[in-house]
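Survey of secondary and tertiary structure
Residues per chain are reported as follows:
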Amino acid sequence: MTERTTAADPAAPNTTKTLKVALLGAGNVGSQVARILLEDADALQARTGARLELSGIAVRNIDAPREVELPRELFTTDASALVRGADIVIELMGGLEPARTLILEAIEHGATVVSGNKALLAADGPSLYEKADAAGVQLSYEAAVAGAIPILRPIRDSLAGDKITRVLGIVNGTTNYILDQMDTTGAQFEDALADAQRLGYAEADPTADVEGHDAAAKAAILASLSFHTRFALENVHCQGISSVTAADIAAAKDAGFVIKLLAIAEKLTLVSDDGVESEAVSVRVHPTLLPREHPLAAVHGAFNAVFIEAENAGELMFYGRGAGGTPTASAVLGDVVSAARRMVLGGPGRTETTTGHVPAVGIEAVSTRYYIGVDAADQPGVLSKIAAVFTDHGVSIETMRQTVHQNGGASSAELRFVTHEASEAALAATVEAIKGLDVINSVTSVLRVEGV
Ligand code: NAP
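Residues numbered from 1 in each chain as written. Predicted model: local features only at pLDDT ≥ 70, side-chain atom pairs only at ≥ 80, totals over all residues. Heavy atoms only, no water.

So, the pattern of salt bridges
It is possible for side chains bearing opposite charge to pair when their charged atoms get close. The full count for this structure, using the stated rule, is 28 salt bridges. The salt bridge partner of Asp214 is Lys118, with a shortest N-O separation of 3.9 Å. Placement of the pair is Asp214 in helix 10 (residues 213-226) and Lys118 in helix 5 (residues 118-135), with a sequence separation of 96 residues. Owing to a relative accessible area of 29%, Lys118 belongs among the partly exposed residues under this scheme. As a salt-bridge pair, Arg416 and Glu414 come within 2.6 Å of each other at their nearest N and O atoms. Residue classification places Arg416 among the buried residues on the basis of a relative accessible area of 9%. Via salt bridges that share partners, Arg166, Glu266, Arg284, Glu309 and Glu450 belong to a single interconnected network. (Salt bridge = Lys/Arg side-chain N within 4 Å of Asp/Glu carboxyl O. Helix = DSSP H or I, 4+ residues; strand = E, 2+ residues; numbered from the N terminus. Buried < 20%, exposed > 50% of the residue type's maximum accessible area, 1.4 Å probe, protein only.)

Dropping the structure here:
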């Protein structure tokens, strides 16, 4: 086995250790990480107490054009050999394989791992964390959630003495850009998406972003750290933004709300039929109406932000760039410096804790306020019929707005309701009953309201 660096001897504090850093991937993020490691080597040494030596960069194609000019001799296509000789492995390849195998190899060799791979962490995080724990090595992934924004370390370290009760995050820049465009210009979803694709904010296949899958992966990570319990992707209720219409946005705006795709992790108190209280966590991603004065409503364009409510700290908000090579490299380097400091001091130290053991609950356990859009016949008595359905199901209406549309000779009424807090079950039953009324053409939208 290759000789590897171990922790510094505290009796010889002036001895500078060299830590070998293997970089897997030199794309948007990896090439910027390599640049910073080379350009800022002295500053990084001063901050960590160790020389961070970039020992190699593994890629698929050594001759591929790169945004940053990097020494050719650092490149290799043998990622496995690079990993075996490293103290710190930075995985920035993306995808499930070979990233997973290489991370496992790094853990097996006792290397600290830094990754930005939210797709892999969502698919396999719990088993990777367990393997790292068992091997006594650190696996950190600040870049996997909200790009440049330092959010995981604040949750894990700075708030470790507090109890987080709720996390609301705008963690996908593509969908925030689309919804923001719809809100500011009145554009339809398809036009705002095309605009995002033209500007490079959205992929040619935007499914992972617009259907909420990317945000769901990040929600699972945020929930796991916030509630000291490992939550997997299947614990996350996920609904994207592709069915949000310009009419929904306009009606929300009219009522003082903005629609955002939120990743939400929230502690709930459940009460059983015999009155026994227990704690559970709801993790979900869905389009959400937020009051326009809520701090998250001011997050425009492709920016990200995470709003945290904690028992003692109260409300906190973290805001910044959620993507981009250089901003994301900042988060990666933060993890590398933190890992190097721990290695200089000796041992990985305690990082994530998983002693919470709070169960995840489905969306049916959540009570929120709802926004419901209905297309109805424009005739007397319609409103009283709908109001009776709400009353029958114990859902009370907070506000109602009506717009009448003329379609040639006929007319129809667009009705938009915001309810008081109601359970998912009561809401679902109400919507089904409204759909069954003979005066209803369709229920056009059902969205949740948060932050009030
Ligand atoms: P990228 O531009 O696609 O770069 C991927 C790099 O990995 C390329 O250099 C590629 O080599 C290399 N690679 C891929 N498969 C490989 C294989 N089988 N063997 C060897 N090398 C391989 O990706 P990125 O945008 O930098 O993202 C990297 C990671 O950071 C992803 O997990 C992503 O989710 C995460 N992240 C990215 C951002 C962002 O803004 N881009 C933000 C947050 C998190 P070649 O150069 O030879 O093709």
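Some remarks on the domain arrangement of the protein
Often the size quoted for an interface is simply the accessible area lost on bringing the parts together. We note that the domain assignment places domain 1 (17-145 + 326-345), domain 2 (152-322) and domain 3 (366-449) within the protein. The C-alpha centroid of domain 3 is placed 25 Å from the C-alpha centroid of domain 2. With 16 residues of domain 2 in contact, the opposing surface of domain 3 contributes 12 residues. With both chains or domains summed, domain 2 and domain 3 bury close to 1200 Å², and 61% of this area falls on carbon and sulfur atoms. Interface area lost by domain 2 to domain 3 is led by Asp248, Phe257 and Leu289, which between them contribute 35%. Scanning the region where domain 2 abuts domain 3 turns up 2 salt bridges. Among the ionic pairs, Asp254 bridges to Arg401, the shortest N-O distance being 3.3 Å. Our count for the domain 2 to domain 3 interface comes out at 4 residue pairs in polar contact (both at pLDDT 80 or more). Mapped by element, the contributors of at least two residues to the side of domain 2 that touches domain 3 are helix 11 (246-254), strand 9 (257-271) and strand 10 (277-291). (Domains from an automatic or database assignment. Contact = heavy atoms within 4.5 Å. Buried area = accessible area lost by both parts, 1.4 Å probe. Polar contact = N/O pair within 3.5 Å; in protein donor to acceptor, adjacent residues only side chain to side chain.)

Details of the sheet that holds strand 5 (residues 112-115)
Reading across from one edge, 3-2-1-4-5-6 is the order of the 6 strands in this open sheet, with parallel pairing throughout. Sheet topology places strand 3 (75-76) and strand 6 (139-140) at the edges, where each strand pairs with a single neighbour. Bridge analysis of strand 5 against strand 6 gives 2 bridges, and the strand direction is parallel. In the strand pairing of strand 6, Val114 is matched with Ser140. (Pairing = 2+ DSSP bridges.)

A look at the site of the ligand
As a matter of local geometry, the ligand sits amid 21 residues, with Ala26, Val29, Asn61, Arg66 and Gly324 nearest to it. Here an oxygen atom of the ligand and a backbone polar atom of Asn28 are 3.0 Å apart. Contacts to the ligand include Val29, whose backbone N or O atom sits 2.8 Å from an oxygen atom. Taken by itself the ligand offers 910 Å² of open surface, and the protein chains cover 78% of this. (Near = heavy atom within 4 Å. Areas by Shrake-Rupley, 256 points an atom, 1.4 Å probe, with all protein chains shown as cover.)

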